[in-house]
Amino acid sequence: RRRRKVLEKLKEAVDERKKLIATLRGKPWPMRKKLESQVFVEKYEGALGKGRGRRLYAYKVMMRKVRALAYFYAFFILCLKYSGHFGSSVASYFLFLRWMYGINMILFSLTFGLVMVPEALMARPYGSIPRKTVPREEQANAMDFAVLWDFGGYAKYSVLFYGYYNNQRAIGWLKFRMPLSYFLVGVGTVAYSYMVVIRTMARNAKEDGGGDDTSFNFSWKIFTSWDYLIGNTETADNKFASITTSFKEAIVEEQESRKDDNIHLTRFLRVLANFLVLCCLAGSGYLIYFVVRRSQKFALEGLDNYGWWERNEVNMVMSLLGMFCPMLFDVISTLENYHPRIALQWQLGRIFALFLGNLYTFIIALMDQINLKRAEEEKVKFNMTIWQANLYNGTLPENSTAIPIMVDPADVPRGPCWETMVGQEFVRLIISDTMTTYITLLIGDFLRAVLVRFLNHCWCWDLEYGFPSYSEFDVSGNVLGLIFNQGMIWMGAFYAPCLPALNLLRLHVSMYLQCWAVMCCNVPQERVFKASGSNNFYMAMLLVILFLSTLPAIYTIVSIPPSFDCGPFSGKSRMFDVIQETLETDFPAWFGKVFSYASNPGLVLPFLLLMVLAIYYLHSTSKTYKHANLELKKKLQALREKTVLSSDTARNKMSLQTPREKETELNAELCVIQCNTITIRYNTINKISAAYNSMLI
Amino acid sequence: MGATASKLPKDQLSEYQELTFLTKQEILLAHKRFNELLEREDRQQIGGSRVPMNKILTLPELKSNPFRRRICQVFSTSDLRDGSLSFEDFLDLLSAFSDSATLEIKSHYAFRIFDFDDDGTLDTGDLEKLVNCLTGEMDNTRLTSEEMKQLINNILEESDIDKDGTVNLSEFQHVISRSPDFVSSFKIVL
């Protein structure tokens, strides 16, 4: 115990030394000066302190190493460096990609470790019960590549989808509660995502801190407009051009007031553009609805009669719309004649509306299919009783306990498992989306670059400067694609536990492919302007998508009864009944009683009312704090200006000093720090000797 | 690289790590890149040798920067004032431009970089040279003298609080601290 106290005191000494060195780090001195003061510090360290303190320090260094390893992939750093050549906006896209990868890694480890692995290892194996076996009719082509690519056959009857999971309450020697784990992992992934997104938003908001001042317009333009990450001559030239333009624009704006001639024409054109965009959105919504209805018709007639296009029509149409409509919006926006930054915001908003509309139309169509499957389920349940009766050949009365006849699981008639169907649809959608992205990348960027480079010699006009030229890296489009992709994962992860794993693979490949494309086929953007305020904009969009994508899943969990013969919740009337069951059986009786009292409406309603009042109170206090904050800011600014004026006079005096006087003053500062160090050392040595004295006693 | 490259001793590495805002990987990478810039004979004693300015300017990260010469001159501790950098100066440079450097450090060094005549304030001459650096070297991108005068007037009106015709360090830091873009753009990554 005494040894621990000594170690603690040594740790304190090490921490104090670290604090001192941290202050050195923040000083704008050349390295030589800092080292000389540190050397002075180290002379008083003493052999004892150096030995033990070093072990602690080495431990801290090792933890840093582990963290560094976990964060850096060598190729990724390379990628960041090259994308930095194009300025910080492309680098910010790859940083966002890396952050998403981190989130998906956690989601993957949750679903893999707590859902897929226990079921694969501890539950009953493939082929033991009907839900885990490929039905006899499908066994002929269950191993075909085409069927597997479509996620049917053996892929459908595996841990990848909801339908495989058994509803046994506890499995294996660990008594692992499978249905409970499945439900909690589903809820946990959503909760974790919310927490991470909100935490990142709060952090970004703190850093932002009211940067919408226009009082230093020109000074900021001149002092902060250069992007030091630019390492490419072409980008630099573009940046020079854009800086010059912005200077000239700002000067002109400052000098004369803008005359708004033709304001009526501009307004009319803008209204026209919005009308066209609305038409586009309505058209795409109707197209998706039409296609989904058609696919339902195909499904009723049996999918075997139709080729590949009919089977994948919905997914392909959605992906193609997502690809071509933004280009259309871009063309329409040239009518509007907005400032580039405002035009970008409009463009992003429209693409957002497009994706959202498409996604929700898809979900509504999916709901129709779910209802169809549930009607089919009723029929199958009825047929099951007939089939079972036929099995016993009608020889035995219904309620007798006869010897059960062994039936091969593949022959048992199967209910349509709507949950697996939903999972399959999402997986297919994501795969087709991924394929479309990669193919557009290869054709739109790579092939285009190759054509422009090699056909340039034998073409009438200059391909590199005119149409089509090389493609630019569209940061906002890519970020939106990433966000919507994540939304689809959140929507489908409950019904297809394999989705986070799939997404992880997809992000990994995207990282490398897009990195290569940026380095090899893209040119820097012409309009090199910063998207610094957009950081929280993308986070806010992510939050909205998270909310909107968890809504359908929650709705299906709460209102639709699970299938009777597949999945971990089969046999229950609602999926969340598993919680009730766990409370009744696994927890002591008083717990259940407490919970039943707590869920009494007489208690829940006042609690909700209290929460609403609390939200109102917090909102009003935050408003007053914001107001007080603004007042303090104004006071601080006035105080700062006063300090600047007074320190100016002091500084003027100092600048009149000779270099020697300046040096003596800096040396005096150095001496003060060294004195502090000596005092700390003296105190430490005192403490250590006191500790040793007590040990001896 | 090769057999003649010197390795950075561990305790020196940890010292550098404590005194700068760089991580260990970044310091090692800086060591490697600095080594490549040195002449073959100097590579053994990396501590004492200096790399001349024209060699530093061949680094791809600095090649397109309009302030590259000023950056070398500001961070150089050479007595000859020729802009040559020792390894410690190079680390100081990377530390000031790194991701984790504080606003105070960055604004301090930015001020020194923009102060072309090293007199401790940004006067009209400094601001004019600054604008010319930013608009590029081509003639058709430069501002006319009226535009230049107007621009400098506007800048001094905004930033010069004590109305002495120059921008000093405190005024500069005051302006910079309100800017949302400065910290993210004042970055160099090897």
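About the thresholds
Residues numbered from 1 in each chain as written. Chains lettered and ligands numbered in written order. Predicted model: local features only at pLDDT ≥ 70, side-chain atom pairs only at ≥ 80, totals over all residues. Heavy atoms only, no water. UniProt positions renumbered as here; feature names shortened; annotations may be inferred. Helix = DSSP H or I, 4+ residues; strand = E, 2+ residues; numbered from the N terminus. Buried < 20%, exposed > 50% of the residue type's maximum accessible area, 1.4 Å probe, protein only. Contact = heavy atoms within 4.5 Å. Areas by Shrake-Rupley, 256 points an atom, 1.4 Å probe, with all protein chains shown as cover. Disulfide = S-S within 2.5 Å. Buried area = accessible area lost by both parts, 1.4 Å probe. Salt bridge = Lys/Arg side-chain N within 4 Å of Asp/Glu carboxyl O. Polar contact = N/O pair within 3.5 Å; in protein donor to acceptor, adjacent residues only side chain to side chain. Nonpolar A, V, L, I, M, F, W, Y, C, P; charged D, E, K, R; others polar. Phe/Tyr/Trp six-rings, centres within 6.5 Å; stacked < 30°, edge-to-face > 60°. pLDDT = per-residue confidence, 0-100.

Going by the annotation in an unreviewed UniProt entry, the name recorded for chain A is Transmembrane channel-like protein, with Pygocentrus nattereri given as the source organism. In its Subcellular location (unreviewed entry) section, UniProt records this for chain A: "Membrane". Here is the UniProt Sequence similarities (unreviewed entry) comment for chain A, exactly as written: "Belongs to the TMC family."

> Explain the overall build of chain B to me, please; I cannot follow it from the model alone.
Scanning chain B from N- to C-terminus turns up eleven helices and two strands. Along its sequence from the N terminus, chain B presents helices and strands in the succession α-α-β-α-α-α-β-α-α-α-α-α-α. For chain B, with 190 residues in total, the buried portion stands at 56%. Here the contacts in chain B between residues at least 6 apart in sequence split such that 56% fall between residues at least 24 apart. For chain B, the accessible surface area stands at approximately 8300 Å², while carbon and sulfur atoms represent 49% of it.

> I would appreciate a short explanation of the state of the cysteines in the present structure.
Disulfide: a covalent bond formed between the sulfur atoms of two cysteine residues. All names here are of chain A. For the structure on display, the rule yields one disulfide over all chains. Each disulfide pairs two cysteine sulfurs, and for Cys417 the partner residue is Cys566, the sulfurs being separated by 1.7 Å. Its S-S torsion of about 85° marks the bond between Cys417 and Cys566 as right-handed, since a negative value means left-handed. Note that Cys417 is positioned in the loop between helix H14 (340-391) and helix H15 (418-455) and Cys566 in the loop between helix H18 (534-559) and helix H19 (577-586), a separation of 149 residues in sequence.

> When you look at the interface of chain A and chain B in this model, what are you seeing that I'm missing?
If you look at the interface, chain A gives 61 residues, while chain B gives 67 residues. In total, about 5900 Å² of surface goes out of reach between chain A and chain B, with carbon and sulfur atoms giving 61% of it. Its largest share of buried area at the contact with chain B, chain A owes to Met31, Phe223 and Tyr228 of chain A, together 16% of the area lost on that side. Our count for the chain A to chain B interface comes out at zero salt bridges. Taken together, the links from chain A to chain B amount to eight residue pairs in polar contact (both at pLDDT 80 or more). The element contributing the most residues to the side of chain A that touches chain B is helix H10 (residues 233-255) of chain A, with ten residues. Per-class residue counts for the side of chain A that touches chain B are 25 nonpolar, 16 polar and 20 charged.

> What exactly am I supposed to notice about the packing of aromatic side chains here?
The way to describe two aromatic rings as a pair is by their centre distance and the angle between their planes. All names here are of chain A. Evaluation of the coordinates by the stated rule reveals 40 aromatic pairs over all chains. Between the aromatic rings of Tyr165 and Tyr182, the centroid separation amounts to 5.3 Å while the plane-to-plane angle is 65°, which identifies the pairing as edge-to-face. Of the two residues, Tyr165 sits in the loop between helix H7 (153-156) and helix H8 (178-208) while Tyr182 sits in helix H8, which places them 17 residues apart along the sequence. By relative accessible area, Tyr182 is classed as buried at 3%.

> Is there a simple way to think about the confidence of the model for chain B in this case?
A low pLDDT means the predicted coordinates there should not be read in detail. Looking at chain B as a whole, the pLDDT averages 84, with 91% of positions reaching at least 70. By mean pLDDT, helix H11 (residues 182-185) of chain B is the weakest element of chain B at 83, and helix H7 (residues 103-114) of chain B is the strongest at 91.

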